[in-house]
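Examining the three-dimensional arrangement
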There are 2 protein chains.
Amino acid sequence: VSARLRIGVAGLGTVGAEVVRLLEAERDVLARRCGRPLEVAAVSARDRTRERGIDISGARWYDSAVDLAAADEVDVVVELIGGADGVALDIADAAITAGKALVTANKALIAHHGTALTEAAEKAGAALCFEAAVAGGIPVLKVLREGLAANRLTRVYGILNGTCNYILTEMERTGRSFDAVLREAQDKGYAEAEPSFDIDGVDAAHKLAILAGLAFGARIDFAGVYTQGVRHVSAVDIGYARDLGFRIKLLGIARLTEHGLEQRVHPCMVRLDTPLAHVDGTFNAVVAEGPAIDRVVLEGRGAGAGPTASAVIADILDVARGVVAPAFAVPAGDLATLPASPMERHVGPYYVRLSVVDRPGVIADISAVFRDENLSIESLIQRGRAPGEVVSVVLTTHDCEEAGMRRALAAIEKLEAVTEPPVMIRIEHL
Amino acid sequence: VSARLRIGVAGLGTVGAEVVRLLEAERDVLARRCGRPLEVAAVSARDRTRERGIDISGARWYDSAVDLAAADEVDVVVELIGGADGVALDIADAAITAGKALVTANKALIAHHGTALTEAAEKAGAALCFEAAVAGGIPVLKVLREGLAANRLTRVYGILNGTCNYILTEMERTGRSFDAVLREAQDKGYAEAEPSFDIDGVDAAHKLAILAGLAFGARIDFAGVYTQGVRHVSAVDIGYARDLGFRIKLLGIARLTEHGLEQRVHPCMVRLDTPLAHVDGTFNAVVAEGPAIDRVVLEGRGAGAGPTASAVIADILDVARGVVAPAFAVPAGDLATLPASPMERHVGPYYVRLSVVDRPGVIADISAVFRDENLSIESLIQRGRAPGEVVSVVLTTHDCEEAGMRRALAAIEKLEAVTEPPVMIRIEHL
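I will try to describe carefully the structure that is included in this document. Since the structure is predicted, the reported quantities are computational estimates derived from the model, not experimental observations.

Counting its regular elements, chain A contains 14 helices and 18 strands. Against the compact-globule benchmark of 22 Å for 430 residues, chain A has a radius of gyration of 24 Å, which places it among compact chains. Its C-alpha atoms give chain A principal-axis dimensions of roughly 80 × 45 × 35 Å. Taken over 430 residues, chain A has a buried fraction of 61%. A fraction of 74% describes how many contacts in chain A between residues 6 or more apart in sequence connect residues 24 or more apart. Total accessible area computed for chain A in this model is approximately 16,100 Å², and 48% of it derives from carbon and sulfur atoms. Here chain A contributes 45 positively and 58 negatively charged side chains, and the mean placements of these two sets differ by 3 Å.

This part takes up the packing of aromatic side chains. All names here are of chain B. By the definition in use, this model includes four aromatic pairs over all chains. Ring centres of Phe-130 and Phe-328 lie 5.4 Å apart, and the angle between their planes is 35°; on these two criteria the pair is classed as tilted. Residue Phe-130 is found in the loop between strand E6 (128–129) and helix H6 (140–147), and its partner Phe-328 is found in the loop between helix H12 (305–321) and strand E13 (347–348); the two are separated by 198 residues along the sequence. Since its relative accessible area comes to 1%, Phe-130 is described here as buried. Plain terms: the ring middles of Tyr-166 and Tyr-190 are 4.7 Å apart, the flat faces sit at 70° to each other, and that makes the pair edge-to-face. Pair noted here: Tyr-166 is in helix H7 (residues 162–174) and Tyr-190 is in the loop between helix H8 (178–188) and helix H9 (196–199), with a separation of 24 residues, a long-range link.

On to the interface of chain A and chain B, then. With 46 residues of chain A at the interface, the matching set in chain B holds 46 residues. Between chain A and chain B the total buried area reaches about 4,000 Å² when both faces are included, carbon and sulfur atoms providing 56% of it. Interface area lost by chain A to chain B is led by Arg-33, Ala-150 and Glu-299 of chain A, which between them contribute 15%. Taken together, the links from chain A to chain B amount to eight salt bridges.

Most of helix H6 (residues 140–147) of chain A sits inside the fold, with eight of its eight residues counted as buried. Residues Val-140, Leu-141, Lys-142, Val-143, Leu-144, Arg-145, Glu-146 and Gly-147 of chain A constitute the buried set of H6 of chain A. Close packing links the buried residues of H6 of chain A with helix H10 (202–216), strand E11 (283–290), strand E12 (294–301) and helix H12 (305–321) of chain A together with H6 and H12 of chain B.

Residue and element names in this part refer to chain A. Across the sheet, six strands lie side by side as E3-E2-E1-E4-E5-E6; this open sheet has parallel pairing. For this open sheet the edge positions go to strand E3 (60–62) and strand E6 (128–129), each flanked by a neighbour on one side alone. The sheet contact formed by strand E1 (residues 5–10) and strand E4 (residues 76–79) spans four bridges and is parallel. The partner of Ile-7 across the bridge, within E4, is Val-76. Set on the sheet, H12 makes contact with E1, strand E2 (38–44), E4, strand E5 (101–104) and E6; between it and E5 the angle comes to about 165°.

Attention now goes to the relation of the copies chain A and chain B. When chain A is fitted to chain B, the residual RMSD is 0.0 Å, and the transformation amounts to a turn of 180° plus an axial shift of 0.0 Å. Taken together, the turn and the small shift mark the pair as related by a two-fold rotation axis. When the interface residues of chain A are mapped onto chain B, 100% of them are again interface residues, pointing to one common binding face.

What follows is about the pairing of strand E5 (residues 101–104) of chain B. Moving residue by residue along a regular strand, the side chains alternate between the two faces of the sheet. Residue and element names in this part refer to chain B. Both faces of E5 are covered, namely the face carrying Ala-101 and Val-103 and the face carrying Leu-102 and Thr-104. Note that strand E4 (residues 76–79) and E5 share four bridges and pair parallel. Counted as the bridge partner of Val-78 is Val-103 from E5. Crossover handedness for the path E4 to helix H4 (residues 86–97) to E5: right-handed. Taken together, the two bridges between E5 and E6 define a ladder with parallel strand orientation. Its bridge partner being in E6, Leu-102 is matched across the sheet by Leu-128. For the segment spanning E5, helix H5 (residues 107–124) and E6, crossover handedness is right-handed.

Residue and element names in this part refer to chain B. Notably, Ala-135 is not glycine yet its phi reads approximately 60°, a positive angle. Inspection of the secondary structure puts Ala-135 in the loop between E6 and H6. A relative accessible area of 0% means that Ala-135 is categorised as buried. Of note, Asn-374 is a non-glycine position whose phi angle comes to about 65°, a positive value. Following the sequence through the fold, Asn-374 ends up in the loop between helix H13 (362–372) and strand E15 (377–383).

Residue and element names in this part refer to chain B. Where H7 contacts helix H11 (residues 235–243), the two axes come as close as 10 Å, and the packing angle between them is 75°. In terms of orientation, H7 lies roughly perpendicular with respect to H11. In contact with Leu-168, Met-171 and Glu-172 of H7, H11 contributes Ala-235, Ile-238 and Arg-242. Grouping the constituent residues of the contact of H7 with H11 by class yields four nonpolar, no polar and two charged.

A word on the pairing of strand E10 (residues 260–271) of chain A. Residues and elements named next belong to chain A. For E10, a buried count of eleven out of twelve residues is recorded, marking the element as mostly surrounded by other parts of the structure. Counting the residues in the hairpin turn of strand E9 (residues 246–257) and E10 gives two residues. As judged from the two bridges shared by E10 and strand E18 (residues 423–427), these two strands associate in the parallel manner. Within E18, the position partnered with Cys-268 by the bridge is Arg-426.

A few words on the pattern of salt bridges. By the definition in use, this model includes 74 salt bridges over all chains. For Glu-344 of chain B, the salt bridge goes to Arg-406 of chain B, with nearest N and O atoms at 2.9 Å. With Glu-344 of chain B in the loop between H12 and E13 and Arg-406 of chain B in helix H14 (residues 402–413), the pair connects residues that are 62 residues apart, well separated along the chain. The network of salt bridges with common partners includes Lys-142, Glu-146, Asp-318 and Arg-321 of chain A together with Lys-142, Glu-146, Asp-318 and Arg-321 of chain B.

Moving on: the side chain of Ser-310 of chain B. Within the secondary structure, Ser-310 of chain B is located in helix H12. Since its relative accessible area comes to 1%, Ser-310 of chain B is described here as buried. A polar side-chain atom of Ser-310 of chain B sits 2.8 Å from a polar atom in the side chain of Asn-151 of chain A. Contact partners of Ser-310 of chain B, with chain neighbours within four places excluded, come to Gly-147, Leu-148, Ala-150, Asn-151 and Ile-293 of chain A.

What counts as what
Residues numbered from 1 in each chain as written. Chains lettered and ligands numbered in written order. Predicted model: local features only at pLDDT ≥ 70, side-chain atom pairs only at ≥ 80, totals over all residues. Heavy atoms only, no water. Helix = DSSP H or I, 4+ residues; strand = E, 2+ residues; numbered from the N terminus. Rg over C-alpha atoms; globule rule 2.2 N^0.38 Å. Buried < 20%, exposed > 50% of the residue type's maximum accessible area, 1.4 Å probe, protein only. Contact = heavy atoms within 4.5 Å. Areas by Shrake-Rupley, 256 points an atom, 1.4 Å probe, with all protein chains shown as cover. Lys, Arg positive; Asp, Glu negative; His and termini not counted. Charge placed at Lys NZ, Arg CZ, Asp CG, Glu CD. Phe/Tyr/Trp six-rings, centres within 6.5 Å; stacked < 30°, edge-to-face > 60°. Buried area = accessible area lost by both parts, 1.4 Å probe. Salt bridge = Lys/Arg side-chain N within 4 Å of Asp/Glu carboxyl O. Pairing = 2+ DSSP bridges. Axes fitted to C-alpha atoms, helices over the stretch in contact; angles between N-to-C directions. Least-squares fit on C-alpha atoms with pLDDT ≥ 70 in both. Right-handed = clockwise from strand over helix to strand, strands pointing away. Parallel < 35°, antiparallel > 145°, perpendicular 65-115°, else oblique. Nonpolar A, V, L, I, M, F, W, Y, C, P; charged D, E, K, R; others polar. Polar contact = N/O pair within 3.5 Å; in protein donor to acceptor, adjacent residues only side chain to side chain.

And the structure:
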């Protein structure tokens, strides 16, 4: 392998431009690291004339990214367009069909089509690499696939969305509301104008499904991810969490249970002594657990041109060295089809906040509901004392099953003294 | 590559036994992950009859580990004996000479001979792998070599010795003395009966030299590591650190400066908001910094049978897949010879604690010494008020050069009112 590797870059947004810039700026050291020269042979983007601060005059221009993916002068196709279907999927199909290596940062594409693409790539003898799709600059896929390959992992979880983590961090730091902090995040460019993919947990769910497939050698099951975002996290609950020794983080968690593969994305209360409690702002982090290693924690920037380009180029270097382990750690034919463990079967402790009229017997009524569902209360605190007025009751439970908790909350909501729908946040043992 | 890979294990202590146990227990999944069966074909240890809880009846026994390393029925030699020279070096030489892959957990061997072994291995076409030599279960070498290969790193640092981190964590948690906590660590098996390699920083220095060589593409320079251990860290300074918003950690730090490669291991004061401040007990952590990624933090167990075996087997799987990047990221011939940046040229803030007689003029005398060396004091606090008695004066500086700081401390020690040698701990901007 001493011939140059010819790279086609489809998509020249901030990430694509940074990939091209770094490949040029670090040309010599990258060639030493992979044993052969890397060359941007072809590019494609929507607007040919836009100024991007990079020199693409040496690369062949394609108006059609799909044509680029099939072009003879391209050895590795870098897909940086995005979207689960449409042109991104067409590019992937074209590259793999042509037997070319495909490098992508597209988490939606892999979450929806990763298993099928892996099967096709294996049949075609093509490499499929997507390090940049999960946790940006943190090489978490390589770590799970290769660095921890000796392990039978039991749980993988993390802070997978920097927008949500920034919002929760700022809400805790400043005491401001979700809406106010979201607007600030949009002004700073940490949240999109249309933020629902991030704040409703979809982006984190894409990444979790990919992580789970790799960690457990299973076919990706994005539809099996229970997903709840951060829109309804309030400053009040962040404050009570702190009083109880917790912080609230949006986590993605995957683990094997007796019911199958549990995959869930939702706000969690985590204790201050767990590493993820201190991962703030736009940082991401992933934790892998298994009997041999106990736990390994990886933290870094989950988005942005530099971190994403770092992951894309690491994949290109693996392709250049001819050194690509199976995308999901085992051959596609060996991937297991794991049943989705339903969220109703989830077991863990819970935080519940109730708005109730402060009068005799209310606590007894609430306690009776929990008793009837066999849910064990760990602590119950009435916040404030104002006979006849509405006060907060905050309680935490020991391990409960989600199904019983949901029934209890539905029953409590119907109590006459309860003035608002109960707020429930899961507590996570990490 | 479908033929079985025949492994020879030299050294059957707790790590060697765990490697053999895991290879057997996870035989099927490991074969799927690397595409071929793994087989323990040969073993060697001091005592053939010792009960280790593993079945080695299928492996050929060698009384001489060097004979094992040269044996025809072995494809990859796993060296788990330890020591910078002697039999470990003989095994390495024998394996490489025979063109076999060498996997080792031996940090002393690599710190002293890593560059020469890499050159020999490259000439022989043999793989050389030592993931287990640094930070145990954390795949930090793979991350630096491959996952972050697109980056021009500027600084690499970490908590590289679990024994020291346990001692410092317990001293802070309990307020007890170094000696008391060391004895407890020895009772718990976290420190050796002869603990000097750990507590004097030598073990961390071995690991730092390896990390620096890999991160900066440089020939290893273990002799260039400034090394100071934790023996002299007192509960008093840990308490004052906390009052100032710091924790004390033994760090290994490598970075490129205008004077060359700075490598140093010493106790550092780190701010509470830096990730390493929360890495407690026997955990290790490594941080890599560069312009593209900002920073990536890796945390996990740095020692113990499970984590070390995890790293050893990950290396074996890379060998089995035929997938081994150059040991120090670039071919040995391309490794730079970097001058060692002398510790006297180190620049940073400092913490200084003085024991002085509480009387008029003392602070003025101390301040004058700092002024004469052009050292800028950030804060100076006299702890307590007891005219005529000995009190503590604690001060912190802005960035200073180490040479000037050392001259100032020597001058202050000679002041008549100063009753004990000054205590100096470097503050680290992380």
